[in-house]
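Single-letter residue listing:
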Amino acid sequence: MAGTTTTPPAAPGAPSAPSGAVSKTNRIGLAVLDYKGLKTTLCAGCGHNAISERILDAMFEMGVPPERVAKFSGIGCSSKSPAYFMSRSHSFNAVHGRMPSVATGAILANHGLVALGVSGDGDTASIGIGQFVHLMRRNLPMLYVIEDNGVYGLTKGQFSATADVGSKLKTGVVNELPPIDTCALAVQLGATFVGRSFSGDKKQLSAMLKAAIAHRGTAMLDVISPCVTFNDHEGSTKSYGYMKDHDEPLHEVSFIPAFEEIAVEYDPGTTVDVRMHDGSHMRLRKLEESYDPTDKVEALHRLAGAHAKGEMLTGVFYVNPTAPTFLDLLDLGERPLATLPEEAVRPSREVLRRIMDEHL
Amino acid sequence: MATTEADVRKELAGKMEPRAEPRKPVVNDFSIQVATANGSGSQSSNTVLLRALFQMGVPVSGKNLFPSNIAGLPTWYTIRASKDGYLARKKEIDVLVAMNPETAREDVMGLPAGSAVVFDEPLGVGALRDDLVCYAVPFEKLVSPITSDAKLRRLLKNMAYVGVLARLLDIDMAEVEGAIGKQFPGKAKAAGLNLAAARAGFDHAAKALPKRDPFAVRRMDATAGKIIIDGNSAAALGAMFGGATVVTWYPITPSSSLVESLIGYMKRHRVGPDGKATFAIVQAEDELAAIGMVIGAGWAGARAMTATSGPGISLMAEFAGLAYFAEVPAVVWNVQRVGPSTGLPTRTAQGDVLSTATLSHGDTRHVLLFPSSVAECFSMGVEAFDLAEELQTPVFVMSDLDLGMNNWMSEPFAYPEAPIRRGKVLSREDLDRLGGFARYADVDGDGVGWRTLPGTDHPAAAYFTRGTGHDEQAVYSERADVFERNMARLARKLDGARARVPRPEVQGSGTAEVGIVAYGTTHWAVVESRDQLSREHGIETGYLRVRGYPFPAEVQEFVKRHERVYVVEQNRDGQMAQLLKLDLAEPLVARLRSVCHIHGLPVDARSITDEIAEREDR
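Quick summary incoming for the structure in this document. Treat the numbers as computed from the prediction; the structure is a model and nothing was measured.

Criteria and thresholds
- Residues numbered from 1 in each chain as written.
- Chains lettered and ligands numbered in written order.
- Predicted model: local features only at pLDDT ≥ 70, side-chain atom pairs only at ≥ 80, totals over all residues.
- Contact = placed C-beta atoms within 7 Å.
- Helix = DSSP H or I, 4+ residues; strand = E, 2+ residues; numbered from the N terminus.
- Nonpolar A, V, L, I, M, F, W, Y, C, P; charged D, E, K, R; others polar.
- Pairing = 2+ DSSP bridges.
- Axes fitted to C-alpha atoms, helices over the stretch in contact; angles between N-to-C directions.
- Parallel < 35°, antiparallel > 145°, perpendicular 65-115°, else oblique.
- Left-handed = near helix turned anticlockwise from the far one by under 90°.
- Buried ≥ 20, exposed ≤ 12 C-beta atoms within 10 Å, placed from the backbone.

**Notes on the interface of chain A and chain B**
And then number 1: The interface of chain A with chain B comprises 48 residues on the first partner and 58 residues on the second.
And then number 2: Top contributing element to the side of chain A that touches chain B by residue count: helix α3 (residues 99–109) of chain A, with eight residues.
And then number 3: Considered class by class, the residues forming the side of chain A that touches chain B number 24 nonpolar, 16 polar and eight charged.
And then number 4: Taken together, the three bridges between strand β2 (residues 90–93) of chain A and strand β18 (residues 464–466) of chain B define a ladder with parallel strand orientation. Looking across to β18 of chain B, one finds that Phe-92 of chain A is bridged to Thr-465 of chain B.

**Concerning the packing of helix α8 (residues 231–241) of chain B against helix α9 (residues 256–269) of chain B**
Between two packed helices, the angle of one axis relative to the other and the distance separating the axes together describe the packing.
Residue and element names in this part refer to chain B.
And then number 1: Viewed as axis vectors pointing N to C, α8 and α9 meet at an angle of 45°, and their least axial separation amounts to 8 Å. As the angle between them shows, α8 and α9 are arranged oblique. Note on packing geometry: the crossing formed by α8 with α9 is right-handed. Of α9, the residues touching α8 (which contributes Asn-232, Ser-233, Ala-235, Ala-236, Leu-237, Ala-239 and Met-240) are Ser-257, Leu-258, Ser-261, Leu-262, Tyr-265, Met-266 and His-269.
And then number 2: Residue composition of the contact of α8 with α9, by class: nine nonpolar, five polar and no charged.

**Quick notes on helix α12 (residues 317–326) of chain B**
All names here are of chain B.
And then number 1: Most of α12 is tucked away: eight of the 10 residues are buried.
And then number 2: Structurally, α12 contributes buried residues whose contacts are with α10 (287–299), β13 (330–338), β16 (394–400) and β18.
And then number 3: Looking one or two residues beyond α12, the residue adopting positive phi is Glu-327, at roughly 65°.

**Digging into the pairing of strand β2 (residues 29–37) of chain B**
All names here are of chain B.
And then number 1: By the criterion of burial, β2 is predominantly enclosed, with eight of the nine residues buried.
And then number 2: As paired elements, β2 and strand β4 (residues 74–82) share nine bridges and run antiparallel to each other. The residue of β4 that forms the bridge with Gln-33 is Thr-78.
And then number 3: Alignment of β2 against strand β5 (residues 95–98), held across four bridges, turns out to be parallel. When the bridges of β5 are listed, Val-34 appears paired with Val-97.

**Let's talk about the sheet that holds strand β19 (residues 505–507) of chain B**
Residue and element names in this part refer to chain B.
And then number 1: Strands sit in the order β19-β21-β20-β23-β24 across an open sheet of five strands; the sheet is mixed. Only two strands of the sheet have a single partner each, and these edge strands are β19 and β24 (592–596). Strand-to-strand twist of the sheet, defined as the mean angle between neighbouring strand axes without regard to direction, takes the value 20°.
And then number 2: Note: strand β23 (residues 564–569) against β24, five bridges, orientation parallel. The residue of β24 that forms the bridge with Val-565 is Leu-592.

Below, the structure is given as structure tokens:
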């Protein structure tokens, strides 16, 4: 637990404004209120509410215009949450487990959008594993957040595919199948920014979200987000209590956006500095010897080791800020496909005549 | 096989004329069936044959009956030459080319008397029947001087039968030569070898096969200015000229070639002067993702489409309901094949009509278009996008394997004159003027709300798209009155589509008692069947060809004008008839009679004529 700051579970109710920022405006002149959403209908104390707040803060602090953001979600408690922040952003609450394809289509139509997907462990690792796998593979520019509590909330507390072996439901049912590690999977499949955090760790989650927003490519964050109603008891491995005892940060994550001066120098011996695509910097102050976040093999090795030891490893496991994205492969122009004028998308009369001649 | 040769002979003997007498020539009115093994290069030979006839001005159609297999299983290709311009499959085979040892015997035994058979000599089928005109051809011997490569010889044998037929049927070898050149563009060596094989066949026939059958080709002038193209390529062209920008797909026969053609066309014609693509084509991981991407793209303002077939359509059901309920434009080509389940994956049907019309759970209803021709694959390929965006709903274009994968003669396609219609989309300036908007409010009284595209730079532009119950502001609602109102508006919107989908084509004097309703590729058999009914049975018919659903008012009016209406289609359960029954005024329902064919082969006129004549008691 050394070197990390863990905040208590989020207060019930709507996401609150970041402390001290209420009257301030961000670099594009918007107030925090411009990023707010509807009142949450999730349970008081739900980790998802804290994540909504962190996303709201990160978007505000990064000065992302809300109109440029497109929110996507599937079905489940997590997938309801996009309604609870950033009402000035378009949002698409799709079908269960299949948000990645909807997001993919929207990004292809308009690559100027800042795409944010919010999913859950069931929506991603159970019903949605197929689309998740292929989203990671395509490295489409998108931030994909899993609000991971290991259970289905809306259907009242069944296990999902991220539940740990031996984890126990309130009803006494014990999970006997091994969990899917969405982070290990994402690293292996081709996501270019992969990390795990905890809804209760405000500082780490905020820094990771901001770095993920600055990333160009698929950023996948698995955020442990305890379910206070169905999975926060003794015997759960996704409870606040369990996370307090087992959260094992790899490093301290900090983020310096491109629009801010770098005020603090870093010691290359103890800190890895990652220059992101937009010129911002993510700094990972090592808590472990020689962890290299650009090494896929090391990421997988370390994740497997953590599982074996029963640690809940958090931090940025893997990052590659320069890998080509799916959009690069498609070789699209600057102007979004969605708004191309007729003359760009309907070839001329002469083209049709020539094609017809070929078939004479 | 349980049936012995003797049984078959006995059965045939009752039906057929005695031993073939010299008959008067049958000119430009016969069908050729070529039986080969899949993967033996026969597709090229058959296309050359088809094209040579076409270039002689004779109306032709070609139908490929192929197995779900890469190589080895039997395949048949039927070419019909018809001076009257009938393009449907002809039930009777007039000329058989038997190249496949596996099927030769059965193919020969199934022929009507008087047919001609060209067969590979070692198959020895010449003595099976004495009521056929048989020509044994030593194909291996003919092509062996051309190449020592055994693999190549197998392919060239198939080009040699083209030469044999050219001689027997009097097809101009210059046209065969031209067609070979067209078949192997830029491949001089391949073209040379194939031409040599065709010539070897021709010369052999000239020398060794005196003409004994009545079938002959004479030049006509019925194909001048016409094109030959398959429906999937035509659909791809429609998509390209319709302004498609996001195309997703998962390979499935018989729709794959639609997107594969489109990829080719788009690379050639839709890359901007800056070298950048004005399209994105994505091979998705499955049909669920393919339709999901289309819906995401359509929501964000792209003209988005996918193409699939039966099993793929079933997988798209959940998303189809989302697009209907959240009101997102999407274009889906359903190139139908035979179901249920995997069914006959390489054979044709019209079996998805009912399930696609209501695809998804709850009260879901969709707009369907029914192209009959390659020209309509093109025009509806364009129109589908306009309809989807104007109605903000998925539009399904119901093609089929026969239309999509076979070559059809057509007038060249007309350039789309009308500008692209993008429907009700509010811009930033509109929002400045209006101050805000309600996504699902019926401000124009047609059930279609105004939408904004994500990324529109205005604080009031955003709305929350969802498949859950929602009010006019797109906010989650479980209120009974809100839900009812929304569903009533959606019904109104779909009802309004009657006036927007393509109008039916109506033929006939208007005085006939008997009406026929058909759609899609069944049209071609019905055209011919109406002539047969009139000529052979004195039954005059009115005809309505459905081109769009929900049905325009003309459909009900047509049924009103006819005492008995035969709905002809290629499925078992009379799916279009059922859809009509849901729509027609009750007294009219009893007028409908289903004529159904489901065997995987394109329906033929004779079968329709026989059934209607019998039911009309003539």
